[in-house]
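One letter stands for each residue in the lines below.
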Amino acid sequence: MDEETRTAAEEKKDTETRDTDKKGAETRDTETSQNRVPGDRTFRGRMSQDPASRNVMAGESHGTRSADRVPARLIGAIIATGSLAFIGILTETVMTVLFPQLMREFSVDTSTVQWITTIYLLAVAVTMPLSSYLKRRFRLRTIFVAAVALAVLGSLMMIIVHSFALLIVARVIQGMGSGIATPLMMNIILEQSPRSKIGRLMGVGSLVITVAPAIGPTVGGAVASVLPWRAIYVVVIPVMLVSLIVGLVCIDQKAPTEDAHLNPLQFLTVLLALVSLVFAVNQTGIAVSAAVSGHRSVSDSVLAGTSWVVGVASLLAFGFISRHGFSQLLRISILRDRVVLLHMLTYMIMPMVTIGFGYVITNVAQLSLGTTSFVAGSLVLPGALVGSLCAPLGGWLYDRFGAVRPILYSFAVAAIGPLLLLIFSMHLTPLMIGGFYFIFALGYSIGSANVMTSALSDVPAEFTADGNAIFNTAFQFGGAAGTTLCATILAVAQSGAGAVSSASFRHATAVGGAWTFAVMLLICVVGWLNLQRAFRLRRTRELALR
């Protein structure tokens with residue numbers, strides 16, 4: 001019996017030793033995986049899985065919640081933050097149709113008035129990288145109240161100020177509010193939704209983001225045709241105050257806050273890079289316009305060159321700081337993966353076309369074809385609205401066929417829009433503009449949402465928040481640069497063309513529109529080639545891992 005007892009004890013000890021070794025190996029594997037960065041070949045096979053499979057795995061771990069209903073307080077929180085995000089994005093695009101009227105009221109030219117939209121997009125782009133830090137550091141209600149306060153303050157300033165400079169300040173404040181509200185809505189959905197309902201609720205969030213810019217120009221044109229343009233902001237303030245009350249009642253804090261710290265130097269470099277690069281594009285246009293009109297200014301050229309140098313240097317400094325130490329703002333190591341980088345580049349340049357269309361169409365329609373602001377704003381409504389409603393179709397195609405065909409085919413269709421606008425640029429009618437834009441919006445909306453989804457399927461889970469911030473910031477920067485680029489091209493074409501209402505000015509605007517459509521077509525082609533290259537690299541990688 002003593003020998004048997006001794007043998008049993010030894011076997012038990014051996015079993016415990018093996019279990020301990022196994023747990024230690026699992027711990028080491030976990031620690032190793034957390035220290036790797038995207039682009040490491042160890043991750044590539046696992047991270048190239050279809051996103052739907054990862055959702056299934058997540059759903060299995062939350063099987064007990066599969067039948068959960070969405071809590072009423074969560075619905076209220078989504079409505080509150082969604083309303084604020086909707087108004088923020090609406091006021092982003094509502095001003096584009098009002099540019100001719102604002103040019104007359106404030107005595108500014110085309111290249112100057114576009115800063116009303118550009119500075120707003122820049123403010124949003126600069127604020128969005130802070131979303132991850134703000135969520136970790138502050139309570140959700142505090143963040144929400146700050147977003148409402150900024151949005152209301154900016155709207156009040158838009159109502160009462162009569163200086164173009166103060167108008168720009170108001171737009172910066174509004175943009176900061178929108179840059180906080182939109183990620184907040186998505187964070188609440190991702191963190192608090194029952195797993196079985198998260199897809200539908202994310203769809204609601206995406207619908208808010210896509211419908212608002214679709215109806216923005218139409219709302220602006222409709223209001224301006226019967227009321228002063230400032231009435232737009234008189235209407236939205238009560239809506240924001242109601243959303244504040246609902247948010248204070250319904251927003252819950254599920255995750256504890258952290259003692260997170262912000263790297264101020266990194267934030268300063270990304271701020272300086274974004275502002276300087278967009279300003280460089282705009283100042284280059286001013287310098288070129290002056291040269292074309294025979295009034296070449298050395299100061300404009302020097303300012304443009306300085307802006308380019310500062311912007312590029314700041315961008316390099318941001319990359320250096322991010323690579324040489326852990327960043328609490330953004331971990332850009334995911335861009336070492338060329339597949340992710342190529343996706344991101346396309347995600348950044350395509351908004352130059354989408355946001356630029358809102359500017360070019362409304363201005364060409366009014367300044368070249370002589371339509372009213374209401375008609376000009378209505379031209380983008382069918383395409384933008386139907387396109388936004390087709391975004392879920394793109395997600396279904398992605399789940400059904402993968403990333404390659406839905407994205408490449410839809411982007412190829414999108415390129416037909418600017419191609420037709422370029423071909424018929426000197427003989428356009430309002431109906432043709434609306435129809436050709438409809439083609440672009442339909443193709444782009446089906447494929448665009450899948451670009452980030454496809455890219456983040458190659459990113460480890462712990463880097464997903466950084467990927468979201470990087471892609472959203474790139475999107476906003478692209479939109480800001482696109483508005484500036486389109487305004488610059490039109491300003492160069494209109495330079496020295498005479499009075500705004502003259503036949504020569506209308507012809508010059510049509511020529512500027514043709515140049516802009518050519519640039520848009522080029523951007524679409526470059527974006528398509530980037531994605532094709534990314535998919536080829538991914539395919540080669542998958543074959544190498546088999």
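Keep in mind the model is a prediction, meaning the values are calculated, not measured. The written sequence of each chain sets the order in which its residues are numbered from 1. Local features in this predicted model are restricted to residues whose pLDDT is 70 or higher, and side-chain atom pairs enter the listing and the counts only when it is 80 or higher, whereas totals over whole chains, interfaces and linings include all residues. In computing side-chain values, all of the structure's heavy atoms are included and hydrogens and water are not.

A.B. asks: Would you take a moment to explain the overall build of the protein chain for this structure?
C.D. replies: Numbered from the N terminus, helices here are DSSP runs of H or I no shorter than four residues, and strands are runs of E no shorter than two. Scanning the protein chain from N- to C-terminus turns up 22 helices and zero strands. Taking all 546 residues of the protein chain together, 51% fall into the buried category. Residue contacts are counted whenever heavy atoms from the two residues lie within 4.5 Å of one another. Long-range pairs, those at least 24 residues apart, make up 84% of the contacts in the protein chain with a sequence separation of at least 6. The Shrake-Rupley method, run with a 1.4 Å probe, gives the accessible areas here. Residue values count only the displayed protein chains as cover. When the accessible surface of the protein chain is split by element, carbon and sulfur atoms take 66% of a total near 24,400 Å². Exposure is judged per residue with a 1.4 Å probe applied to protein chains only, and the accessible area is read against the type maximum: over 50% gives exposed, under 20% gives buried, and values in between give partly exposed.

A.B. asks: Help me understand the side chain of Ser-178 in this model?
C.D. replies: With respect to the element layout, Ser-178 can be found in helix H10 (residues 164–192). Non-local contacts of Ser-178, meaning those with residues more than four positions away in its chain, are made with Gly-88, Ile-89, Tyr-120, Val-124 and Pro-183.

A.B. asks: Please clarify how unusual backbone geometry should be interpreted in this entry.
C.D. replies: Both trends apply: most residues other than glycine have a negative phi, and most peptide bonds are in trans. Its identity is not glycine, yet Ser-107 carries a phi of approximately 55°, on the positive side. Tracing the chain through its elements places Ser-107 in the loop between helix H5 (99–106) and helix H6 (110–113). The exposed category is assigned to Ser-107, whose relative accessible area is 64%.

A.B. asks: In this structure, what is going on with the packing of helix H15 (residues 338–367) against helix H22 (residues 503–545)? I would like to understand it.
C.D. replies: When two helices pack together, their arrangement is captured by the angle between the axes and the distance separating the axes. The geometry of H15 relative to H22 is characterised by a closest axis approach of 9 Å and an angle of 160° between their N-to-C directions. By the angle between their axes, H15 is roughly antiparallel relative to H22. You can see that H15 and H22 cross each other, and the crossing is left-handed. Just so you know the grouping, Ala, Val, Leu, Ile, Met, Phe, Trp, Tyr, Cys and Pro go in nonpolar, Asp, Glu, Lys and Arg go in charged, and all remaining residues, Gly too, go in polar. When its residues are assigned to classes, the contact of H15 with H22 shows 21 nonpolar, nine polar and five charged. Here an angle of 0 to 180 degrees is reported between the N-to-C directions of two axes, which are lines fitted to C-alpha atoms, with helices fitted over the stretch in contact. Put simply, angles under 35 degrees are roughly parallel, angles over 145 are roughly antiparallel, angles from 65 to 115 are roughly perpendicular, and the rest are oblique. Should the near helix be turned counterclockwise from the far one by less than a right angle, the crossing is left-handed, whereas a clockwise turn marks it as right-handed.

A.B. asks: Help me out: how do you make sense of the packing of aromatic side chains in this one?
C.D. replies: Pairs of aromatic rings are described using the distance from one ring centre to the other and the angle between the two planes. Between rings of Phe, Tyr and Trp, where Trp is taken as its six-membered ring, a pair exists when centres lie within 6.5 Å; planes separated by under 30 degrees are stacked, by over 60 edge-to-face, and by other angles tilted. Inspection of every chain in the model, using the stated rule, returns 11 aromatic pairs. Geometrically, the ring pair formed by Tyr-347 and Phe-475 is tilted, given 5.6 Å between the ring centres and 45° between the ring planes. Of this pair, Tyr-347 sits in helix H15 while Phe-475 sits in helix H21 (residues 464–494), and the two are 128 residues apart along the sequence. Classification of Tyr-347 by relative accessible area gives buried; the value is 13%. Using a relative accessible area of 23% as the deciding quantity, one classes Phe-475 as partly exposed. Each residue in the set Phe-357, Phe-411, Tyr-437, Phe-440, Tyr-444 and Phe-517 is aromatic and connected to the rest through ring pairs, giving one cluster. Of note, Arg-137 hangs over the ring of Phe-138, and the distance from its end group to the ring centre comes to 5.3 Å. Placement of a charge over a ring requires the Lys NZ or Arg CZ to be within 6 Å of the ring centre, with the centre-to-atom vector within 35 degrees of the ring normal.

A.B. asks: I'm lost on the environment of Ala-147 in this one. Help?
C.D. replies: Within the secondary structure, Ala-147 is located in helix H9 (residues 140–160). Taking the C-alpha atoms as reference points, Ala-147 and Leu-84, 63 residues apart in sequence, are found 8.2 Å from one another.

A.B. asks: Sorry, what's going on with the nonpolar core here?
C.D. replies: The tendency in soluble globular proteins is for nonpolar side chains to be buried as a group. Met-95, Leu-102, Ile-116, Trp-229, Phe-357 and Phe-440 are the most contacted members of the largest nonpolar core, which totals 124 residues. Discounting chain neighbours no more than four positions away, the residues touching Met-95 are Leu-102, Ile-116, Met-158, Arg-171, Trp-229 and Tyr-233. To form a nonpolar core, buried Ala, Val, Leu, Ile, Met, Phe, Trp, Tyr and Cys residues must be joined to one another through side-chain atoms within 4.5 Å.

A.B. asks: Hey, could you run me through the layout of surface pockets in this one?
C.D. replies: Regions of empty space are outlined by a rolling probe, equal in size to a water molecule, passed over the atoms. Roughly 730 Å³ of internal volume is contained in the second largest pocket. When residues of the lining of the second largest pocket are traced back to their parent elements, those giving at least two are helix H13 (264–292), helix H14 (298–323), H15 and H21. Counted by class, the lining of the second largest pocket contains 23 nonpolar, two polar and one charged residues. Points on a 1 Å grid, built from protein atoms alone, make a cavity when a 1.4 Å probe fits but cannot get out and make a pocket when they are open with protein on both sides within 12 Å along at least 5 of 7 lines; residues with an atom within 4 Å of a point are the lining residues. Grid points are joined across faces, edges and corners, and a volume is the space filled by probe spheres set on the points.

A.B. asks: Just checking my understanding: could you explain the pattern of salt bridges for this structure?
C.D. replies: Pairs can form between side chains of opposite charge whenever their charged atoms are close. Any carboxyl oxygen of Asp or Glu within 4 Å of a side-chain nitrogen of Lys or Arg constitutes a salt bridge here. Applying the stated rule across the entire model yields three salt bridges. With a closest N to O distance of 2.7 Å, Arg-73 and Asp-252 form a salt bridge. In this pair, Arg-73 sits in helix H4 (residues 72–93) while Asp-252 sits in the loop between helix H12 (231–250) and H13, placing the two residues 179 residues apart along the sequence. Arg-73 sits in the partly exposed class, given a relative accessible area of 37%.

A.B. asks: Would you take a moment to explain the confidence of the model for the protein chain for this structure?
C.D. replies: It should be kept in mind that the predicted coordinates are not to be read in detail where pLDDT is low. On average, the protein chain scores 78 in pLDDT, and the residues at 70 or more come to 80%. pLDDT runs from 0 to 100 and stands for how confident the predictor is about each residue. Across the protein chain, the element-wise mean pLDDT spans from 41 in helix H2 (residues 41–47) up to 93 in helix H19 (residues 404–423). Overall, residues 1–7 carries pLDDT values under 50, and its contacts beyond four positions in sequence, including any with other chains, amount to zero contacts. Predicted confidence for residues 20–67 stays below pLDDT 50, and this span has 52 contacts to residues more than four positions away or in other chains.

A.B. asks: In this structure, what is going on with the packing of H4 against helix H7 (residues 115–127)? I would like to understand it.
C.D. replies: Between H4 and H7, the shortest axis-to-axis distance is 9 Å and the interhelical angle comes to 145°. Listed contacts from H7 to Gly-88, Ile-89, Thr-91 and Glu-92 of H4 are Thr-117, Tyr-120 and Leu-121. Classifying every residue of the contact of H4 with H7 gives three nonpolar, three polar and one charged.

A.B. asks: Where do I start with the environment of Val-108 in this structure?
C.D. replies: Examined against the element boundaries, Val-108 turns out to sit in the loop between H5 and H6. For the pair Val-108 and Phe-164, spaced 56 residues apart in the sequence, the C-alpha separation amounts to 8.7 Å. Setting aside its immediate chain neighbours within four residues, Val-108 contacts Leu-102, Met-103, Val-113 and Phe-164.

A.B. asks: What exactly am I supposed to notice about a nonpolar patch on the surface here?
C.D. replies: A cluster of nonpolar residues, Trp-308, Val-312 and Leu-316, forms a patch on the protein surface that exposes about 300 Å² of accessible area. Considering the arrangement of structural elements, one finds Val-312 in helix H14. Here Val-312 falls in the partly exposed class, since its relative accessible area comes to 43%. Patch members must show over 30% relative accessible area and no salt bridge, and they are joined within 9 Å when carrying like charges or within 5 Å when they are nonpolar side chains of Val, Leu, Ile, Met, Phe, Trp or Tyr.

A.B. asks: Looking at this structure, how should I read empty space enclosed by the protein?
C.D. replies: Summed over all chains, the structure comprises four cavities of 30 Å³ or more. Size it by volume and the largest cavity reaches roughly 90 Å³. Ile-87, Gly-88, Thr-91, Ala-151 and Gln-174 are, among the 13 residues lining the largest cavity, the residues nearest its centre. When contributions to the lining of the largest cavity are tallied by element, the ones reaching two or more residues are H4, H9 and H10. When the residues that make up the lining of the largest cavity are grouped by side-chain class, the tally is seven nonpolar, six polar and no charged.

A.B. asks: Please clarify how the environment of Glu-191 should be interpreted in this entry.
C.D. replies: Tracing the sequence through the fold places Glu-191 in helix H10. Aside from chain neighbours lying at most four places away, what touches Glu-191 is Lys-135, Leu-140, Lys-254 and Ala-255.

A.B. asks: Any chance you could explain the side chain of Asn-530 here in plain terms?
C.D. replies: Topologically, Asn-530 is positioned in helix H22. Apart from the residues within four sequence positions on either side, Asn-530 is in contact with Leu-342, Leu-345, Thr-346 and Ile-349.

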